[in-house]
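One-letter residues, chain by chain:
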Amino acid sequence: MGILEVKGVNKRFGGLQALGNVNLSVAENTVHAIIGPNGAGKSTLLNVLVGKLIPDSGTVTFDGQSVLGRKPHEINQMGISRVFQTPEIFGDLTVMENVLIPCFAKRDGSFRLHAFEQVANESLIIETAEQMLIDVNMQDKRHMHAGNLSRGDKRRLEMAMCLVQQPRLLLLDEPTAGMARADTNNTIDLLKEIKAKRDITMAIIEHDMHVVFSLAERITVLAQGTPLVEDIPSRIKGHPKVQEAYLGTTAHA
Amino acid sequence: MFGLEKKDAALLLIVAVVTLCAPILLNPFPAGSEMAQFNAGYPDLMQRFAIYGIFAIGFNILFGLTGYLSFGHAAFLGVGSYSAVWMFKLLSMNIIPGIILSVIVAGLFSLVIGFISLRRSGIYFSILTLAFAQMSYNLAYSVLTPITNGETGLQLSLNDPRVLDAARTTGSLPVTTLFGAEMRSATSVQFGVWEWQFSTGFYVSAVLMLLALYLAIRIFRSPFGIMLRAVKSNQNRMSYTGLNVRPYTLAAFVISGMYAGLAGGLLAAMDPLAGAERMQWTASGEVVIMTILGGAGTLLGPIIGAGFIKYFENIFSKINDNVLHDWFAFLPDGLNDFVVTVIAPFFGDGWNLTMGLMFMAVVIFLPGGLVDGARRIGRLFRRKPAGAKRPDAATKPAE
Ligand SMILES: Nc1ncnc2c1ncn2[C@@H]1O[C@H](COP(=O)(O)OP(=O)(O)OP(=O)(O)O)[C@@H](O)[C@H]1O
Ligand SMILES: [Mg+2]
């Protein structure tokens, strides 16, 4: 059984069936890619996983525990971090502070009244955050306001914020969109490196097939809210159903 | 020093020196001179600077850091005053129990109001706090008369039990003290043409204000402080990072409520009476204006804003037509009358008008408040060569 189990999940927005009977099993310590045309329901699926949306029916379990009905911060504390399609960062804070916050959240839990301790004295946490910034190659930008970063840098920062928490499951929604080619390659290397260094499961949504085929060990193709095929990358390439989905035909069951 | 970074310790030290020398610094004009009316160095006003400084420092922890704009903080000020006066009536004229109770009661009160109001954000939160404060005001004014003495306000009386200082009862109303030192007692010092007044009440308020500022600095620089700024910046990201937003905002709300309670308790300690008008919405609005005028989210802004407004309220408002006629006495009669008629609405009772215009100017041209203005001027004077970076400029919220 996978670390993440999605069973029979349905979600409607008015007349639109955004997710229709989605079943997905992500094995522990693998990179699982979810691909599919625009509007296929990929982000919606992640929204269900992190507690942003409650599905109409179905179950979602992480490491044997149900995720549904939990608040987003509780789900994160279970060990799930997410990089959003449009970067969600603390724009008014510095890059360094952006990375410090997840460090504190990881160490202190969802709330702690640490009003009299001083950030400057938290040498261990500062060190962790600084190392993370070095890993994503942003150490020279650590005093910048995060809101002033380029789109690609915002994305890398958000990834750093997730990675620094050492999540057990990392959800990435188009992590390289808006990045220059070189940064995309760096991101691939970074994720591979992290993967090699420690136990982590990743679910990655990506339109860039170079990224998908560099990282993924398994791929699920989603079209119009329903998984079309799931297989290893070599068998997904050139799969007729996949071609069909991307060409926009609706011939599937 | 005191567990503060060098820069913050220096800031605190400067504020401490300025505050403790306030009786001298605020009386720059020789006693009896024409300009003496602009002297602000009398105990009653200086106390108000310090006390409203505390009020605004606390308000800034909520508004400046989390961005939650409360329009009901005067309720906590009022509750603090009532609590303190009750302590003076029942227990002792020593201000310590009164002030402690006012902080506790205001804390509990803000816990309840915050718990409910923080279910909403933005304008709805503001309206909820405003509604609660107006409700408190009306209750204090009428329904709760047995506790608040309604319209008249809560005052001391000779029949109060005052269990701890019963032995010392004399025929007249007692005065507030700190272990025997009377709040209203002041020493007048003549120095050349100047006259300075050093009062116990002011120094008690000033020390508490410095303590309040010290705690605020610690909060600003704590992990908790970063979390509060994160609330303002992106609550979604906070939740998905594993942080529960609500208790953080509630804690900020209660802390700022306790600051307001302290200020209210001190107001009563300086002058032992409490009235419902202290809770009115205008009083809530005043602290908003103080904070924004001085610079929301900065350490010094609220103190400067509070000082500014209290100075205008007490000094500017005294400039009446006669004074204006005096000023322009050098002009020929007709012109003198004309000038005075034109500018009179901005002086005296019209100080609100001037204040309002200034506030508008600051909000439009200096969104960072007076502190931001001062910083811009400072930068103008020590402009570094182009391209020079200030590496630590963005690491901390400005002082
Ligand atoms: N909150 C919402 N309310 C209504 N409709 C929604 C909502 N969220 C998503 N949708 C709709 O559900 C469908 C799936 O959207 P989703 O964002 O999951 O697609 P996606 O696969 O992530 O596409 P993309 O590749 O463009 O990011 C779309 O038609 C979208 O318009
Ligand atoms: Mg999407």
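Each value, and the rule that gives it
- Residues numbered from 1 in each chain as written.
- Chains lettered and ligands numbered in written order.
- Predicted model: local features only at pLDDT ≥ 70, side-chain atom pairs only at ≥ 80, totals over all residues.
- Heavy atoms only, no water.
- Helix = DSSP H or I, 4+ residues; strand = E, 2+ residues; numbered from the N terminus.
- Rg over C-alpha atoms; globule rule 2.2 N^0.38 Å.
- Contact = heavy atoms within 4.5 Å.
- Areas by Shrake-Rupley, 256 points an atom, 1.4 Å probe, with all protein chains shown as cover.
- Lys, Arg positive; Asp, Glu negative; His and termini not counted.
- Charge placed at Lys NZ, Arg CZ, Asp CG, Glu CD.
- Donors = N, O, S within 2.8 Å, 3.2 Å for Na, K, Ca; no water.
- Buried area = accessible area lost by both parts, 1.4 Å probe.
- Salt bridge = Lys/Arg side-chain N within 4 Å of Asp/Glu carboxyl O.
- Polar contact = N/O pair within 3.5 Å; in protein donor to acceptor, adjacent residues only side chain to side chain.
- Patch = residues over 30% accessible without salt bridge, like charges linked within 9 Å, V, L, I, M, F, W, Y side chains within 5 Å.
- Buried < 20%, exposed > 50% of the residue type's maximum accessible area, 1.4 Å probe, protein only.
- Core = buried A, V, L, I, M, F, W, Y, C linked by side-chain atoms within 4.5 Å.
- Domains from an automatic or database assignment.
- Axes fitted to C-alpha atoms, helices over the stretch in contact; angles between N-to-C directions.
- Parallel < 35°, antiparallel > 145°, perpendicular 65-115°, else oblique.
- Left-handed = near helix turned anticlockwise from the far one by under 90°.
- Nonpolar A, V, L, I, M, F, W, Y, C, P; charged D, E, K, R; others polar.
- Pairing = 2+ DSSP bridges.
- Right-handed = clockwise from strand over helix to strand, strands pointing away.
- Near = heavy atom within 4 Å.

Looking now at the overall build of chain A. Helix and strand counts for chain A come out as nine helices and ten strands. For 253 residues, the compact-globule estimate of 2.2 N^0.38 gives 18 Å, and the C-alpha radius of gyration of chain A, at 18 Å, lies within 12% of that figure. By principal-axis analysis of the C-alpha atoms, chain A measures approximately 60 × 40 × 35 Å. Sequence-distant contacts, at least 24 apart, represent 65% of the contacts inside chain A between residues at least 6 apart. Surface accessibility of chain A: about 10,600 Å² in total, with carbon and sulfur atoms responsible for 50%. Within chain A, one finds 27 positive and 29 negative side-chain charges whose respective centroids are separated by 4 Å.

This next bit is on the coordination of the magnesium ion (ligand 2). Within the first shell, the magnesium ion (ligand 2) binds the protein through S43(A) (OG) and Q85(A) (OE1), at distances of 1.9 to 2.1 Å. With a gap of 42 residues between them, S43(A) in helix α1 (residues 42-49) and Q85(A) in the loop between β6 (80-83) and α3 (95-108) connect regions that are remote in the sequence.

Counting residues at the interface gives 32 residues for chain B, matched by 41 residues for chain A. Roughly 3,100 Å² is buried in total at the junction of chain B and chain A, and carbon and sulfur atoms are behind 63% of that figure. Among the residues chain B hides against chain A, the three largest losses belong to P223(B), R237(B) and Y240(B). Together they make up 24% of the total. Summed over the shared surface of chain B and chain A, the result is two salt bridges. Its salt-bridge partner being E158(A), residue R237(B) comes within 2.5 Å of it at the nearest N-O pair. Across the chain B-chain A interface, the total number found is 21 residue pairs in polar contact (both at pLDDT 80 or more).

Let's shift gears to a positive patch on the surface. A cluster of basic side chains, namely K71(A), R119(B), R120(B) and R246(B), defines a positive patch on the protein surface. Tracing the chain through its elements places R120(B) in the loop between α5 (95-117) and α6 (122-143). Judged by its relative accessible area of 47%, R120(B) is partly exposed.

Our focus in this paragraph is the nonpolar core. Core analysis: the biggest nonpolar cluster contains 163 residues, and L157(A) and M238(B) have the highest contact counts within it. No other element matches helix α11 (residues 245-270) of chain B, which puts 17 residues into this core. Two domains each provide a minimum of three residues to this core, namely domain 1 (1-79 + 167-253) and domain 2 (88-165) of chain A. If near-sequence neighbours (up to four positions away) are discounted, M238(B) is found in contact with F90(A), M227(B), A230(B), V231(B), L243(B), V245(B) and Y248(B). If you look at the next biggest cluster of nonpolar residues, it comprises 29 residues, including I3(A), V9(A), F62(A) and L222(A).

A few words now on the packing of α3(A) against helix α4 (residues 123-135) of chain A. Residues and elements named next belong to chain A. One can describe the packing of α3 onto α4 by two numbers: an axis separation of 9 Å at closest approach and a directional angle of 125°. Here α4 runs oblique to α3, going by the angle between their axes. In the crossing of α3 with α4, the sense of the turn from one axis to the other is right-handed. Where α3 abuts α4, its residues V95, M96, V99, L100, C103, F104 and R107 lie against I125, I126, A129, E130, M132 and L133. When the residues that make up the contact of α3 with α4 are grouped by side-chain class, the tally is eleven nonpolar, no polar and two charged.

Note on strand geometry: in a regular strand, side chains alternate between the two faces of the sheet. Residues and elements named next belong to chain A. For strand β8 (residues 201-205), the buried fraction is high: five of the five residues fall into the buried class. Burial along β8 is two-sided: T201, A203 and I205 and M202 and I204, pointing in opposite directions, are all buried. One ladder, built from four bridges, connects strand β3 (residues 31-35) with β8; its direction is parallel. Across the sheet, residue A33 finds its bridge partner in β8, namely I204. Bridge analysis of strand β7 (residues 169-173) against β8 gives five bridges, and the strand direction is parallel. Looking at the pairing, L172 lines up with I204 of β8. Handedness of the crossover is the feature at issue here: the chain leaves β7, passes through helix α6 (residues 181-197), returns alongside β8, and the resulting connection is right-handed.

Interface size, as often reported, equals the accessible area lost upon joining of the parts. All names here are of chain A. Domain annotation for chain A reports domain 1 (1-79 + 167-253) and domain 2 (88-165). Taken over C-alpha atoms, the centre of domain 1 sits 26 Å from the centre of domain 2. Contact residues are listed per partner, giving 21 residues for domain 1 and 13 residues for domain 2. Note on domain 1 versus domain 2: buried area summed over both sides is about 1,300 Å², and carbon and sulfur give 59% of it. The largest contributions to the domain 1 side of the interface with domain 2 come from Q77, P167 and L190, which together make up 30% of the buried area. Sort the elements by how many residues they give to the side of domain 1 that touches domain 2 and α6 lands first, with six residues.

Our next topic: the site of ligand 1. Residues and elements named next belong to chain A. As a matter of local geometry, ligand 1 sits amid 13 residues, with N38, K42, S43, T44 and Q85 nearest to it. Within the contact set of ligand 1, an oxygen atom lies 2.8 Å away from a backbone nitrogen or oxygen of G39. In the model, an oxygen atom of ligand 1 is placed 3.0 Å from a nitrogen or oxygen of the G41 main chain. Out of a free accessible area of 640 Å², ligand 1 has 62% covered by protein chains. Of all elements in the fold, only β2 (16-26) and α1 reach the threshold of two or more residues within the shell around ligand 1.

Next up on the list: the pattern of salt bridges. Per the stated rule, a full pass over the model turns up 26 salt bridges over all chains. Notably, a salt bridge pairs E313(B) with K310(B), separated by 3.3 Å at the nearest N-O pair. Of the two residues, E313(B) and K310(B) both sit in helix α13 (residues 301-314), three residues apart, roughly one turn of that helix. Residue class for K310(B) comes out buried when judged on its relative accessible area of 3%. Between D372(B) and R376(B) there is a salt bridge whose closest N-O contact spans 3.1 Å. Residue D372(B) and its partner R376(B) are located together in helix α17 (residues 369-381), separated by four residues, close to a single helical turn. For D372(B), a relative accessible area of 13% puts it in the buried group. Here R376(B) falls in the partly exposed class, since its relative accessible area comes to 40%. Among the ionic contacts, a cluster of salt bridges with common partners joins R107(A), D108(A), R112(A), E117(A) and E122(A).

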